Amino acid sequence: MQYRFFRGIKISEVGLGTWQLGNADWGVIKDSEAFSILKTFADAGGNFIDTSDVYGYGLSEKIIGNFLKATDKEMFIASKLGRRQDNGYGWPQNFSYETVRRHMEDSLENLGLAQLFLEQLHCIPTEQLRLGHVFNNLRKLQQEGLVRFWGASVETTEEALICLEQEGLASLQIIFNLFRQHVANEIFAKAKERDVALIIRVPLASGLLSGKFSEQTRFPPGDHRNFNANGEAFNAGETFSGIEFSRGVALSKEIARMLPDDRLAQWSIRWILDHPEVTTIIPGATKMEQVEKNVAASDLPPLDQSTRSSLRELYGNKIKPFIRGHY
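What this report covers is the structure whose coordinates are included nearby. Everything quoted here is computed from the prediction, not taken from an experiment.

**As for helix α12 (residues 305-319)**
Across its 15 residues, α12 extends 20 Å between first and last C-alpha, which sits within 8% of the 21 Å expected from 1.5 Å per residue. Thr 307, Leu 311, Leu 314, Tyr 315 and Ile 319 are the residues of α12 that are buried. Along the axis of α12, the buried residues cluster in a sector spanning 105 degrees; they form a single face. Exposed residues on α12 whose side chains face more than 90 degrees from its buried face are Ser 306, Glu 313 and Asn 317. Elements that come into contact with the buried residues of α12 comprise α9 (245-258) and α10 (264-273). The N-capping residue of α12, defined by a side-chain oxygen 3.1 Å from the backbone nitrogen of Ser 306, is Asp 304.

Next comes the structure, spelled out in structure tokens:
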């Protein structure tokens, strides 16, 4: 495992996303399997874990909290807030100081922590970002010691640029992968200039870049790759990066032919790591083997310029015109 710096702190350049551990939107994972996923990641040198208070409405956080009690390794935990709809919460009530504090305290309790390493706004409405009040709430909670750093997970370049104007912003979490390449041109340089860490989510386009799917692949009813394949439940960009599934399968095969060997998923992660502005990547996993393969990408050599140019040309001609959802 290789490491990069987050405000002077060494974190693993391949992190772990834990949406899957919430037993919602990806199918069910047994607690023992979830623990094994976390242990495999930590044993491989991983130390950055991303979660959210809506991944199973606290379940993902609680599983991570139980793991933290059982390990002596130093782990940096990032959570997210702003999307809870339980117990009368919702928009815009979620963004008051009192509610943000209550939700952050719930996450700390779930995780068994006194302070979060990183709290992030979880793809909240653009108008709330423009108003800016929620950033003041995060600054206040940082001053009070509940969180060490704060940032934002966003859907669009516009939202990223709004956040980058905020003093104290430590990180941006964005979708960036071989199916979403243009983001680098739009925000990477500014993020580097502001010393804002870039956390990359959906690096394998919901599994499209694993190379394991065919046009006949079907997903269970509770899997977002079934019920949100076309953006029916939330932004289409969060599922297959907004590419229609059968088109994505065909494009993944075309991408695979451009890469050095048949390790499509690992080279797809390596391609992201070839961007020095990136701080960490947070692929999720439902099996230990997936964690092992994701982490191994950290030790691959950079892709050559000819391959990167070919991948960019394919993106411009055959991928970008067909992205759906707001981005």
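**Side note on empty space enclosed by the protein**
Where empty space is left becomes clear once a probe the size of a water molecule has been rolled over the atoms. Applying the stated criterion to the full structure yields 1 cavity of 30 Å³ or more. In this model, the largest cavity occupies a volume close to 90 Å³. Elements supplying a minimum of two residues to the lining of the largest cavity: α6 (157-164), β8 (171-175) and α7 (183-193). For the lining of the largest cavity, the residue count by class is 7 nonpolar, 3 polar and 2 charged.

**Considerations on the layout of surface pockets**
Here the second largest pocket defines a volume of roughly 220 Å³. Every residue lining the second largest pocket is counted, 13 residues in all, and those nearest its centre are Lys 192, Val 196, Pro 276, Glu 277 and Thr 279. When residues of the lining of the second largest pocket are traced back to their parent elements, those giving at least two are β1 (3-6) and β10 (278-281). Counting residues per element, the lining of the second largest pocket draws most heavily on β1, at 3 residues. Of the residues belonging to the lining of the second largest pocket, the class tally is 7 nonpolar, 1 polar and 5 charged.

**Comments concerning the packing of helix α2 (residues 59-70) against helix α3 (residues 97-111)**
Two numbers describe how α2 lies on α3: the axes approach to 7 Å, and their chain directions differ by 45 degrees. When the axes of α2 and α3 are compared, the pair comes out oblique. In contact with Glu 61, Lys 62, Ile 64, Gly 65 and Leu 68 of α2, α3 contributes Ser 107, Asn 110 and Leu 111. For the contact of α2 with α3, the residue count by class is 3 nonpolar, 3 polar and 2 charged.

**Let's talk about the environment of Gln 166**
Mapping Gln 166 onto the fold places it in the loop between α6 and β8. Note: C-alpha distance between Gln 166 and Leu 129 (37 residues apart in sequence) is 9.8 Å. With near-sequence residues (within four places) excluded, Gln 166 lies in contact with Phe 135, Arg 139 and Trp 150. One polar contact links Gln 166 to Arg 139, side chain to side chain, over a distance of 2.7 Å.

**A look at the pairing of strand β7 (residues 147-153)**
Within a regular strand, the side chains alternate between the two sheet faces. With respect to burial, β7 is a largely interior element, 6 of its 7 residues being buried. Two elements, strand β6 (residues 116-122) and β7, share 6 bridges in a ladder whose sense is parallel. Among the inter-strand pairings, Glu 119 is bridged to a residue of β7, identified as Trp 150. With 3 bridges connecting them, β7 and β8 associate as parallel partners. Within the sheet, the bridge partner assigned to Gly 151 lies in β8 and is Ser 171.

**Let's talk about the packing of aromatic side chains**
Going through the model one piece at a time under the given rule, you end up with 16 aromatic pairs. Between Phe 6 and Phe 117, the aromatic rings sit 5.2 Å apart at their centres with planes inclined by 55 degrees, giving tilted as the arrangement. Pair noted here: Phe 6 is in strand β1 and Phe 117 is in strand β6, with a separation of 111 residues, a long-range link. Residue Phe 6 shares its accessibility class with Phe 117, and that shared class is buried. Taking 5.4 Å as the distance between ring centres and 55 degrees as the angle between the ring planes, the aromatic pair formed by Phe 6 and Phe 149 counts as tilted. Placement of Phe 6 in strand β1 and of Phe 149 in strand β7 is noted, with a sequence separation of 143 residues between them. Aromatic rings pair up to connect Phe 6, Phe 76, Phe 117 and Phe 149 into one cluster. Here the guanidinium or amino end of Lys 140 rests over the ring plane of Tyr 97, the centre of that ring lying 4.2 Å away.

Procedures and definitions
- Residues numbered from 1 in each chain as written.
- Predicted model: local features only at pLDDT ≥ 70, side-chain atom pairs only at ≥ 80, totals over all residues.
- Heavy atoms only, no water.
- Helix = DSSP H or I, 4+ residues; strand = E, 2+ residues; numbered from the N terminus.
- Expected span 1.5 Å × (residues − 1).
- Buried < 20%, exposed > 50% of the residue type's maximum accessible area, 1.4 Å probe, protein only.
- Arc of directions from axis to C-beta.
- Contact = heavy atoms within 4.5 Å.
- Polar contact = N/O pair within 3.5 Å; in protein donor to acceptor, adjacent residues only side chain to side chain.
- 1 Å grid on protein atoms, 1.4 Å probe; cavity = no way out; pocket = protein on both sides within 12 Å on 5 of 7 lines; lining within 4 Å.
- Points joined across faces, edges and corners; volume = space filled by probe spheres on them.
- Nonpolar A, V, L, I, M, F, W, Y, C, P; charged D, E, K, R; others polar.
- Axes fitted to C-alpha atoms, helices over the stretch in contact; angles between N-to-C directions.
- Parallel < 35°, antiparallel > 145°, perpendicular 65-115°, else oblique.
- Pairing = 2+ DSSP bridges.
- Phe/Tyr/Trp six-rings, centres within 6.5 Å; stacked < 30°, edge-to-face > 60°.
- Lys NZ or Arg CZ within 6 Å of the ring centre and 35° of its normal.

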